[in-house]
Amino acid sequence: MLDGDILISRLPQPAGRACIVNTNNEKWITAVDCTIVRLLDQYSNKFILQSLCTYNYFHLIDSFLAGGTRQRVSRSNLSDINIMSPKKIEQDKIGLFFEYVDNLITLHQRKTYNYRKKHYFNKCLYK
């Protein structure tokens, strides 16, 4: 795998979950139930990642789930997914914007979690 590749999980919970790889100059391998997506230069990995986080995408992925004991999405079904995209410069801007929004949400969730944890601890300690 290379920096900037996108990994997509083919197993449920949820199937289709994706992330961008940052190898930190180390060698990586992946499990058989992950798909590595290496984009052409005309696509922004951050934009594509955001496209892989939408309700419609996950709904489509759920319709592809198949298998007996352990359901999964086939690589061929993943390769059939079309993502509409503007020019690269617009993709970069959109991808960065939503990455910023995601980071902001994560920050506030972390603050809320830490506040609740501290509040609960104080409540138990000073009953």
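Conventions adopted
- Residues numbered from 1 in each chain as written.
- Predicted model: local features only at pLDDT ≥ 70, side-chain atom pairs only at ≥ 80, totals over all residues.
- Heavy atoms only, no water.
- Helix = DSSP H or I, 4+ residues; strand = E, 2+ residues; numbered from the N terminus.
- Rg over C-alpha atoms; globule rule 2.2 N^0.38 Å.
- Buried < 20%, exposed > 50% of the residue type's maximum accessible area, 1.4 Å probe, protein only.
- Contact = heavy atoms within 4.5 Å.
- Areas by Shrake-Rupley, 256 points an atom, 1.4 Å probe, with all protein chains shown as cover.
- Salt bridge = Lys/Arg side-chain N within 4 Å of Asp/Glu carboxyl O.
- Polar contact = N/O pair within 3.5 Å; in protein donor to acceptor, adjacent residues only side chain to side chain.
- Phe/Tyr/Trp six-rings, centres within 6.5 Å; stacked < 30°, edge-to-face > 60°.
- Pairing = 2+ DSSP bridges.
- Axes fitted to C-alpha atoms, helices over the stretch in contact; angles between N-to-C directions.

### Describing the overall build of the chain
Reasoning step 1: Helices and strands together make up the secondary structure of the chain, namely four helices and three strands.
Reasoning step 2: When the helices and strands of the chain are listed from N to C terminus, the series reads β-β-β-α-α-α-α.
Reasoning step 3: Relative to its length of 127 residues, the chain is extended, with a C-alpha radius of gyration of 18 Å against a globular reference of 14 Å.
Reasoning step 4: The proportion of buried residues among the 127 residues of the chain is 24%.
Reasoning step 5: For the chain, the proportion of contacts with a sequence separation of at least 24, taken over those separated by at least 6, is 63%.
Reasoning step 6: Counting only carbon and sulfur atoms, one obtains 56% of the accessible surface of the chain, whose full area is about 9,800 Å².

### A word on the environment of Arg116
Reasoning step 1: Relative to the helices and strands, Arg116 resides in helix α4 (residues 88–125).
Reasoning step 2: What makes Arg116 exposed here is its relative accessible area of 59%.
Reasoning step 3: Put simply, Arg116 and Met84 are 32 residues apart on the chain and 41 Å apart in space, counted from C-alpha to C-alpha.

### A few points about the pattern of salt bridges
Reasoning step 1: Enumeration over the complete set of coordinates arrives at five salt bridges.
Reasoning step 2: Measuring nitrogen to oxygen at the nearest pair gives 2.7 Å for the salt bridge that ties Asp5 to Arg38. In this pair, Asp5 is assigned in the segment before β1 (6–9) and Arg38 in the loop between β3 (34–37) and α1 (45–51), connecting sequence segments 33 residues apart.
Reasoning step 3: Arg10 is paired through a salt bridge with Asp33; the nearest N and O atoms lie 3.4 Å apart.

### Side note on the side chain of Asp5
Reasoning step 1: A relative accessible area of 3% places Asp5 in the buried class.
Reasoning step 2: There is a polar contact of 2.8 Å between the side chain of Asp5 and the backbone nitrogen of Leu2.
Reasoning step 3: Polar side-chain contacts of Asp5 include one of 2.7 Å to the side chain of Arg38.
Reasoning step 4: Among all residues touching Asp5, those that are not within four sequence positions of it are Cys19, Ile20, Val21, Ile36, Val37 and Arg38.

### Focus on the packing of aromatic side chains
Reasoning step 1: Applying the stated criterion across every chain, the model contains two aromatic pairs.
Reasoning step 2: Look at Tyr57 and Phe58: their rings are 5.2 Å apart centre to centre, the planes differ by 65°, and that puts the pair in the edge-to-face class.
Reasoning step 3: The class of Tyr57 is buried, set by a relative accessible area of 5%.
Reasoning step 4: A relative accessible area of 23% places Phe58 in the partly exposed class.

### So, the sheet that holds β1
In a beta sheet, neighbouring strands are held together by backbone hydrogen bonds and run either parallel or antiparallel to one another.
Reasoning step 1: With antiparallel pairing, the three strands of this open sheet are ordered in space as β2-β1-β3. In this open sheet, the two edge strands, each paired with only one partner strand, are β2 (18–20) and β3. Neighbour-to-neighbour, the strand axes of this sheet turn through a mean angle of 20°, independent of strand direction.
Reasoning step 2: In the sheet, β1 pairs with β3 via four bridges, with the strands oriented antiparallel. By the bridge assignment for β3, Ile8 is matched with Thr35.

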